[in-house]
Amino acid sequence: MKQFISVWVRDPRIQKNDFWHAHMDYEICIHTNSLCFTKKMSRVRRRYWEFVWLREKLQENSLLMVQLPELPPKNIFFSLNNAQQITERMKGLQKFLELILESNLFLSDSCLHLFLQSELDVSRIEACVLGRTCYSVSQAILRCGRNLRRFHSQEDLSGLRRTEESFESDSDCAFVEPEPQQ
């Protein structure tokens with residue numbers, strides 16, 4: 001069977017921080033049969049600046065061996081009420097991910113997998129990749145969006161309980177702040 005990876009960027013939502021501040025986030029959906037992925041279906045929400053972070057991380061981790069695709073440009077006049085701007089940005093973000101997912105080099109990057117399949121914020125993604133969490137990359141991914149699967153085997157359920165216990169236990173265990181650089 002031929003392997004496939006389908007990615008969609010959709011469902012833009014305005015998130016209000018307070019009366020004056022709001023931002024847009026987008027749902028990223030993955031459907032795949034690729035052996036590179038822990039989960040075959042997933043959904044997460046990400047902001048534009050998180051895509052910028054991902055691109056920088058992938059560039060850093062690839063040691064400049066590959067030219068990364070561009071993101072849609074940052075627009076200082078971007079309006080949360082302009083449907084055309086939102087649609088163009090979503091298309092650009094989707095095209096970026098599609099091109100990234102065509103590269104075997106990037107498919108081996110843990111930051112990419114955590115970005116696409118976990119609900120961790122970028123600081124926790126970095127901590128997880130560096131081994132500064134008591135959960136693994138796979139555990140972080142398996143914890144996200146469990147409701148996408150209809151049926152669980154007993155083995156899946158016991159593994160999920162163990163993973164949840166490690167995530168919900170002492171918060172110091174779940175995330176260790178990196179040492180300040182001097």
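Residues numbered from 1 in each chain as written. Predicted model: local features only at pLDDT ≥ 70, side-chain atom pairs only at ≥ 80, totals over all residues. Heavy atoms only, no water.

- As recorded in an unreviewed UniProt entry, the protein goes by Sorting nexin-10 and comes from Esox lucius.
- Its UniProt record, at the heading Sequence similarities (unreviewed entry), says of the protein: "Belongs to the sorting nexin family." (UniProt positions renumbered as here; feature names shortened; annotations may be inferred.)

Remarks on the sheet that holds strand β1 (residues 5-16)
Okay, step 1: Strand order in the open sheet made by the three strands is β1-β2-β3, with antiparallel pairing throughout. For this open sheet the edge positions go to β1 and β3 (41-47), each flanked by a neighbour on one side alone. Neighbour-to-neighbour, the strand axes of this sheet turn through a mean angle of 20°, independent of strand direction.
Okay, step 2: Here strand β2 (residues 22-32) pairs with β3 via seven bridges, running antiparallel. Note that in β3 the partner of histidine 31 across the bridge is methionine 41.
Okay, step 3: Across the face of the sheet, helix α4 (residues 110-117) comes into contact with β2 and β3 while running at roughly 90° to β3. (Pairing = 2+ DSSP bridges. Helix = DSSP H or I, 4+ residues; strand = E, 2+ residues; numbered from the N terminus. Axes fitted to C-alpha atoms, helices over the stretch in contact; angles between N-to-C directions. Contact = heavy atoms within 4.5 Å.)

Topic: the state of the cysteines
Okay, step 1: Applying the stated rule across the entire model yields zero disulfides.
Okay, step 2: Looking at the unpaired cysteine 111, the closest cysteine sulfur is the one in cysteine 128, lying at 9.2 Å.
Okay, step 3: What makes cysteine 128 buried here is its relative accessible area of 5%. (Disulfide = S-S within 2.5 Å. Buried < 20%, exposed > 50% of the residue type's maximum accessible area, 1.4 Å probe, protein only.)

Looking at the pattern of salt bridges
Okay, step 1: The tally for this structure, following the rule as stated, stands at nine salt bridges.
Okay, step 2: Residue arginine 45 pairs with aspartate 11 through a salt bridge whose shortest N-O separation is 3.2 Å. In this pair, arginine 45 sits in strand β3 while aspartate 11 sits in strand β1, placing the two residues 34 residues apart along the sequence.
Okay, step 3: Take aspartate 11: its relative accessible area is 31%, and that puts it in the partly exposed class.
Okay, step 4: A salt bridge links glutamate 60 to lysine 57, with the shortest nitrogen-to-oxygen separation between them at 3.3 Å. Of this pair, glutamate 60 and lysine 57 both sit in helix α1 (residues 48-61), three residues apart, which is roughly one turn of that helix.
Okay, step 5: Of the residues examined, lysine 57 reaches a relative accessible area of 16% and is grouped as buried.
Okay, step 6: Here the salt bridges share partners, and the residues they tie into one network are Asp11, Arg13, Asp25 and Arg45. (Salt bridge = Lys/Arg side-chain N within 4 Å of Asp/Glu carboxyl O.)

Here's the deal with the environment of serine 103
Okay, step 1: With respect to the secondary-structure elements, serine 103 resides in the loop between α2 (83-100) and α3 (104-107).
Okay, step 2: By relative accessible area, serine 103 is classed as buried at 16%.

Side note on the packing of α1 against α2
Okay, step 1: The geometry of α1 relative to α2 is characterised by a closest axis approach of 12 Å and an angle of 25° between their N-to-C directions. Compared by their axis directions, α1 and α2 come out roughly parallel. Once α1 is placed against α2, the crossing between them reads as left-handed. Mapping the contact onto sequence places Tyr48, Phe51, Leu54, Arg55 and Leu58 in α1 and Arg89, Leu93, Phe96, Leu97 and Ile100 in α2.
Okay, step 2: For the contact of α1 with α2, the class distribution of residues is eight nonpolar, no polar and two charged. (Parallel < 35°, antiparallel > 145°, perpendicular 65-115°, else oblique. Left-handed = near helix turned anticlockwise from the far one by under 90°. Nonpolar A, V, L, I, M, F, W, Y, C, P; charged D, E, K, R; others polar.)

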